[in-house]
Amino acid sequence: MLDYMIYILVFAVGSILGLLYSYKLHAEPYVVDTEFNVLLAVVSVAGWCLGFLSGNIILSAIGFLLAGFVMGGRPGYGRRETAVGLIVAIVLYFLLKCGML
């Protein structure tokens, strides 16, 4: 039970850090950002894969911190990168559970 509380707390801290980072990046009240950020996508894939697949409390916490960082940006930022990270992590999870990897 303590594991889940740590994961939620670390995810919230990552979301706050992501929000602070995105406001530092764009100080304007509303910015339409239509380009796909590859660096955030890599961070999201690494975060969700560590969070779901590591099996270690510390590595899972680091993974959820990274995933929260990408997900916690201003509204509209990081949604495509988060979707890519989640899809890759879920596919890898099912491939590992089926014994294909």
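What you see is a predicted model, and the numbers here were worked out from it, not measured in a lab.

> Provide a residue-level description of a nonpolar patch on the surface, including the pertinent values.
A cluster of nonpolar side chains, contributed by Leu 9, Val 13, Ile 16, Leu 17 and Leu 20, occupies part of the molecular surface with about 480 Å² of accessible area. Structurally, the position occupied by Leu 17 is in helix α1 (residues 2-25).

> I'd like a description of the environment of Val 10, backed by residues and values.
Inspection of the secondary structure puts Val 10 in helix α1. Remark: the alpha-carbon pair of Val 10 and Asn 56, spanning 46 residues in sequence, is separated by 14 Å. With near-sequence residues (within four places) excluded, Val 10 lies in contact with Ala 61, Phe 64 and Leu 65.

> Mind laying out the side chain of Glu 81, listing which residues take part and the relevant values?
Structurally, Glu 81 is set in helix α4 (residues 79-98). An unpaired buried charge is present at Glu 81: no salt bridge exists, and Arg 80, the closest side chain of opposite charge, is 5.0 Å distant. A polar contact is formed between the side chain of Glu 81 and the backbone nitrogen of Asn 37, at a distance of 2.8 Å. Leave out the neighbours within four places in its chain, and Glu 81 touches Glu 35, Phe 36, Asn 37, Leu 40, Ala 41, Ser 44 and Val 70.

> Kindly report on the packing of aromatic side chains, identifying the contributing residues and their values.
Considering all chains together, one arrives at 8 aromatic pairs under this definition. For the ring pair Tyr 93 and Phe 94, a centre distance of 5.7 Å and an interplane angle of 70° mean the geometry is edge-to-face.

> Just give me the short version of the nonpolar core, but keep the residues and values in it.
Judged by nonpolar contacts, Tyr 7, Trp 48, Cys 49, Phe 64, Ala 67 and Ala 89 together constitute the single largest core of 6 residues. Those elements that provide at least two residues to this core are α2 (38-53) and α3 (57-71). Once you skip the residues sitting within four places of it in the chain, Tyr 7 turns out to touch Asn 56, Ile 57, Ser 60, Ala 61 and Phe 64.

> So what about α2? Which residues, and what values?
Taking 1.5 Å of rise per residue, the 16 residues of α2 would be expected to cover 22 Å, and the 22 Å separating its terminal C-alpha atoms lies within 8% of that figure. Considered for burial, the residues of α2 that qualify are Leu 40, Ala 41, Ser 44, Gly 47, Trp 48, Cys 49 and Gly 51. With a side-chain oxygen positioned 3.2 Å from the backbone nitrogen of Leu 39, the residue opening α2 is Asn 37. Gly 55 occupies a position one or two residues after α2 and carries a positive phi of about 80°.

> Residue-level account of α3, with values.
Spanning 15 residues, α3 covers 21 Å between terminal C-alpha atoms, matching the ideal 21 Å at 1.5 Å per step. Listed as buried for α3 are Ser 60, Ala 61, Gly 63, Phe 64, Ala 67, Gly 68 and Val 70. Considering only its buried residues, α3 is in contact with α1, α2 and α4. For α3, the capping residue at the N-terminal end is Asn 56, with a side-chain oxygen 3.3 Å from the backbone nitrogen of Ile 58.

> Residues and numbers for the side chain of Thr 82, please.
For Thr 82, the position within the fold is in helix α4. Within polar-contact distance, the side chain of Thr 82 engages the backbone oxygen of Gly 78 at 2.7 Å. Ignoring any residue separated from it by four or fewer positions in sequence, one finds Thr 82 in contact with Ser 44, Trp 48, Val 70 and Met 71.

Conventions used here
Residues numbered from 1 in each chain as written. Predicted model: local features only at pLDDT ≥ 70, side-chain atom pairs only at ≥ 80, totals over all residues. Heavy atoms only, no water. Patch = residues over 30% accessible without salt bridge, like charges linked within 9 Å, V, L, I, M, F, W, Y side chains within 5 Å. Areas by Shrake-Rupley, 256 points an atom, 1.4 Å probe, with all protein chains shown as cover. Salt bridge = Lys/Arg side-chain N within 4 Å of Asp/Glu carboxyl O. Helix = DSSP H or I, 4+ residues; strand = E, 2+ residues; numbered from the N terminus. Contact = heavy atoms within 4.5 Å. Buried < 20%, exposed > 50% of the residue type's maximum accessible area, 1.4 Å probe, protein only. Lys, Arg positive; Asp, Glu negative; His and termini not counted. Polar contact = N/O pair within 3.5 Å; in protein donor to acceptor, adjacent residues only side chain to side chain. Phe/Tyr/Trp six-rings, centres within 6.5 Å; stacked < 30°, edge-to-face > 60°. Core = buried A, V, L, I, M, F, W, Y, C linked by side-chain atoms within 4.5 Å. Expected span 1.5 Å × (residues − 1).

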